[in-house]
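Here is how the chains run, residue by residue.
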Amino acid sequence: MNKKVSILIPCFNEEEGLPLLYEALCGQSGICESLNEYEFEILLINDGSRDRTLDVIKCYAQADARIKYVSLSRNFGKECAMLSGFDYVSGDCMIIMDADLQHPPALIPEMLVYWEQGYEDVYAKRKSRGKESWLRKRFSLAYYSLLQKTSRFDILENVGDFRLLDRKCIEALRAMRESERYTKGMFAWIGFKKREILFEQGDRQTGVSSWRFRDLLNLGIEGITSFTTAPLRFSAIVGFVISMVAFIYMCWVIVKAVVWGDPVAGFPSLMVVILFLGGVQLLSLGILGEYLGRIFNEAKGRPVYLVSETNVEK
Ligand code: UDP
Ligand code: MG
């Protein structure tokens, strides 16, 4: 029997891009046709699109038995859409890619070669980051170096969700049901035998990127808070250092008062110290709150996504 390869593609408002994607994967000269030693399954997750994405997907599914779809009841975000995909794929391995063809399907044969060699997680790393503002590039570099230094495993920069995962990795990811998801970190967390391949990321073919700065910031905070408790430790260390300094200063004040006597003075310095400490306390409370909020959301134990319709039989 041929090995089965699942291709998982989360789609959010991608009606214009889907025909191109279908052509690249299942068309005459598409990847699935050229690799006929494998059986393919293409699982499209409709993440609550507001355009005709679902209709387009259904059209293809009717004409082509390889096309499977899961339609979520609303927009849950890419991270949750991916989890629904992990639950519904049935292949011996799975390839995750974006619907906008920024992840070239031409890389799939190479990924499969490494998989056959025994690698369980073949991830594609971008050679360059494509069209992006200077600020965004700087920001992202600084972010990854911080994340790497504070968490115990390698969360790689310039590596997105474009990768091939073996059945074992899929099982591992399925078991991770947290609702505050940072899938990129999870790939690093699960371990397994990894292999990197390089690729040149193109620009989006159609439509617009649905990530705004706010989303990126949220995902960034997600990454830190779900993979490291370093900020908590950091606020504890700052607290400790400040109390040490305050203690030494107190000794100095006492000695000064005893030896020389002390006329009352120093309102400005008092003000500065109070404001500074107030700031540090609020910051620490904020950090605590971030983690507490996550515990709150996790404690509710809600399902991570809801399916409204699908053509996958489980
Ligand atoms: N996506 C999704 N749900 C969302 C946002 C995005 O499923 O809420 C999908 C989108 O359809 C695409 C992929 O995630 O297939 C990457 O999105 P996008 O191209 O907008 O992000 P970028 O390439 O800018 O990181
Ligand atoms: Mg994109």
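See the structure printed just above.
What you are looking at is a predicted structure, and each value in this text was computed from that prediction instead of being measured.

Visitor: Break down the pairing of strand 6 (residues 159–166) for me, citing the residues and quoting the values.
Guide: When you tally the buried positions in strand 6, you get eight out of eight residues, the bulk of the element. Pairing of strand 4 (residues 93–96) with strand 6 involves four bridges; the strand directions are antiparallel. Paired with Ile 95 across the two strands is Leu 164, which belongs to strand 6. Bridge count between strand 5 (residues 121–126) and strand 6: four bridges; the pairing is antiparallel. Looking across to strand 6, one finds that Lys 125 is bridged to Val 159.

Visitor: Could you give an account of the side chain of Asn 46, with specific residues and numbers?
Guide: Tracing the backbone shows Asn 46 in strand 2 (residues 38–46). For Asn 46, a relative accessible area of 4% translates into the label buried. Setting aside its immediate chain neighbours within four residues, Asn 46 contacts Cys 11, Thr 53, Leu 54, Ile 57, Val 70, Ser 71 and Leu 72.

Visitor: Could you give me a rundown of the nonpolar core, with the residues and numbers involved?
Guide: In this structure, Ile 9 and Leu 25 are the most contacted members of the largest nonpolar core, which totals 40 residues. Apart from the residues within four sequence positions on either side, Ile 9 is in contact with Leu 21, Leu 25, Ile 42, Leu 43, Leu 44, Ile 45, Met 97, Asp 98 and Ala 99. Grouped together as the second largest cluster of nonpolar side chains are 35 residues, Ile 45, Ile 155, Cys 169 and Phe 227 included.

Visitor: Give me a nonpolar patch on the surface: which residues, what numbers.
Guide: A grouping of Phe 247, Ile 248, Tyr 249, Met 250, Trp 252, Val 253, Ile 254, Val 255, Val 258, Val 259 and Trp 260 is seen on the molecular surface, where their side chains present a nonpolar patch of about 1,200 Å² in accessible area. For Ile 248, the location among the structural elements is in helix 10 (residues 230–260). When its relative accessible area of 56% is taken as the criterion, Ile 248 is described as exposed.

About the criteria used
- Residues numbered from 1 in each chain as written.
- Chains lettered and ligands numbered in written order.
- Predicted model: local features only at pLDDT ≥ 70, side-chain atom pairs only at ≥ 80, totals over all residues.
- Heavy atoms only, no water.
- Buried < 20%, exposed > 50% of the residue type's maximum accessible area, 1.4 Å probe, protein only.
- Helix = DSSP H or I, 4+ residues; strand = E, 2+ residues; numbered from the N terminus.
- Pairing = 2+ DSSP bridges.
- Contact = heavy atoms within 4.5 Å.
- Core = buried A, V, L, I, M, F, W, Y, C linked by side-chain atoms within 4.5 Å.
- Patch = residues over 30% accessible without salt bridge, like charges linked within 9 Å, V, L, I, M, F, W, Y side chains within 5 Å.
- Areas by Shrake-Rupley, 256 points an atom, 1.4 Å probe, with all protein chains shown as cover.
- Salt bridge = Lys/Arg side-chain N within 4 Å of Asp/Glu carboxyl O.

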